[in-house]
Amino acid sequence: MKTRHQRGDTHPLTLEEILDETQHLDIGLRQKQWLMSEALVSNPKIEVIDGKYAFKPKYNLKDKKALLRLLDKHDQRGLGGILLEDIEEGLPNAQKAIKALGDQITFITRPDKKKILFYNDKSCQFTVDEEFQKLWRSIPVDSMDEEKIEEYLKRQGISSMQEAGPKKIAPIQRRKKPASQKKRRFKTHNDHLAGVLKDYSDVVPGKQ
């Protein structure tokens, strides 16, 4: 499915057409049911369209103009470039389209040998003074690790990106106050009549 998509055959196929192209028309009914109910529908690279099956690339690109728009959009959003293998997967005759775009795009090769395509924004191109270029190239940094570079910046009075960021303040831990032993106080009634009422506890009943 991927190969035919890269050739430009992007129209969807029925299961029978897929089996015909792959020369597997002799498979049994159970295998066909498994393909339709599980294998094809659960494949992230296969899209089901009206009961037919089509290849589903990461970027579905029709031509070189679509590729240029995609790279431009990535550049505008600050997303960087796109892997060449993803472009080749989704753009039929990708190498022909890339060659036709010329210097409108550029690419770099990563340490793992994978190539990344970028939109070549010519509005960002400017000439750097030759004296500044010489000064820039005269500073050796190959033998310096991150700690040495950070130490050098500190000596020059330059803060690193880590120091420029907001510092996290540790939350203040409050001491829990020990529970004080409070004496229980019982509420008394008629306190406002203290000294007014007489005590008749010693009076014998019947005697006035």
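In case you missed it, the structure is sitting above this.
Residues numbered from 1 in each chain as written. Predicted model: local features only at pLDDT ≥ 70, side-chain atom pairs only at ≥ 80, totals over all residues. Heavy atoms only, no water.

Caption draft 1: Quick peek at the pairing of strand S1 (residues 46–49). As paired elements, S1 and strand S2 (residues 52–55) share four bridges and run antiparallel to each other. Residue pairing across strands places Ile46 opposite Phe55, the latter belonging to S2. In this antiparallel pair of consecutive strands, S1 and S2, the connection spans two residues, and Asp50 shows a positive phi of 55 degrees. (Pairing = 2+ DSSP bridges. Helix = DSSP H or I, 4+ residues; strand = E, 2+ residues; numbered from the N terminus.)

Caption draft 2: Structural context of the nonpolar core. Counting 17 residues, the largest nonpolar core has Leu61, Leu67, Ile87, Leu91, Ile98 and Ile105 as its most contacted members. Top contributing element to this core by residue count: helix H4 (residues 64–76), with five residues. The residues contacting Ile87, other than those within four sequence positions of it, are Leu61, Leu67, Leu70, Ile82, Ala94 and Ile98. If you look at the next biggest cluster of nonpolar residues, it comprises nine residues, including Leu15, Ile18, Leu35 and Ile46. (Core = buried A, V, L, I, M, F, W, Y, C linked by side-chain atoms within 4.5 Å. Buried < 20%, exposed > 50% of the residue type's maximum accessible area, 1.4 Å probe, protein only. Contact = heavy atoms within 4.5 Å.)

Caption draft 3: Examining the pattern of salt bridges more closely. Within this structure, the stated rule accounts for eight salt bridges. A salt bridge links Glu16 to Lys32, with the nearest nitrogen and oxygen atoms 3.3 Å apart. Within this pair, whereas Glu16 is found in helix H2 (residues 15–21), its partner Lys32 is found in helix H3 (residues 29–39), the two being separated by 16 residues in sequence. We classify Lys32 as buried; its relative accessible area is 19%. Between Asp86 and Lys58 there is a salt bridge, with the nearest N and O atoms lying 3.8 Å from each other. Placement of the pair is Asp86 in helix H5 (residues 84–90) and Lys58 in the loop between S2 and H4, with a sequence separation of 28 residues. (Salt bridge = Lys/Arg side-chain N within 4 Å of Asp/Glu carboxyl O.)

Caption draft 4: Structural view of a positive patch on the surface. On the surface, Lys64, Lys65, Arg69, Lys73 and Arg77 cluster together to form a positively charged patch. The class of Lys73 is partly exposed, set by a relative accessible area of 44%. (Patch = residues over 30% accessible without salt bridge, like charges linked within 9 Å, V, L, I, M, F, W, Y side chains within 5 Å. Areas by Shrake-Rupley, 256 points an atom, 1.4 Å probe, with all protein chains shown as cover. Lys, Arg positive; Asp, Glu negative; His and termini not counted. Charge placed at Lys NZ, Arg CZ, Asp CG, Glu CD.)

Caption draft 5: Spotlight on a nonpolar patch on the surface. A cluster of nonpolar side chains, contributed by Val128, Phe132 and Trp136, occupies part of the molecular surface with about 350 Å² of accessible area. For Phe132, the location among the structural elements is in helix H7 (residues 130–137). Phe132 gets classed as partly exposed once you look at its relative accessible area, which sits at 47%.

Caption draft 6: Local environment of the packing of H4 against helix H6 (residues 94–101). Contact pair H4 / H6: the axes reach a minimum separation of 9 Å and the direction vectors enclose 70 degrees. One finds that H4 runs roughly perpendicular with respect to H6. The element H4 and its partner H6 pack so that their crossing is right-handed. Between H4 and H6, the residues in contact are Lys64, Leu67 and Leu68 and Ala97, Ile98, Ala100 and Leu101, respectively. The class makeup of the residues in the contact of H4 with H6 is six nonpolar, no polar and one charged. (Axes fitted to C-alpha atoms, helices over the stretch in contact; angles between N-to-C directions. Parallel < 35°, antiparallel > 145°, perpendicular 65-115°, else oblique. Left-handed = near helix turned anticlockwise from the far one by under 90°. Nonpolar A, V, L, I, M, F, W, Y, C, P; charged D, E, K, R; others polar.)

Caption draft 7: Main features of the side chain of Glu89. If you trace the backbone, Glu89 turns up in helix H5. In this structure the side chain of Glu89 is engaged in a polar contact, spanning 3.2 Å, whose partner is the side chain of Lys45. If we skip the residues at most four places from it in the chain, Glu89 touches Lys2, His5, Gln6, Lys45, Phe55, Pro57 and Lys58. (Polar contact = N/O pair within 3.5 Å; in protein donor to acceptor, adjacent residues only side chain to side chain.)

Everything listed is a geometric property; what it means functionally is a separate question.
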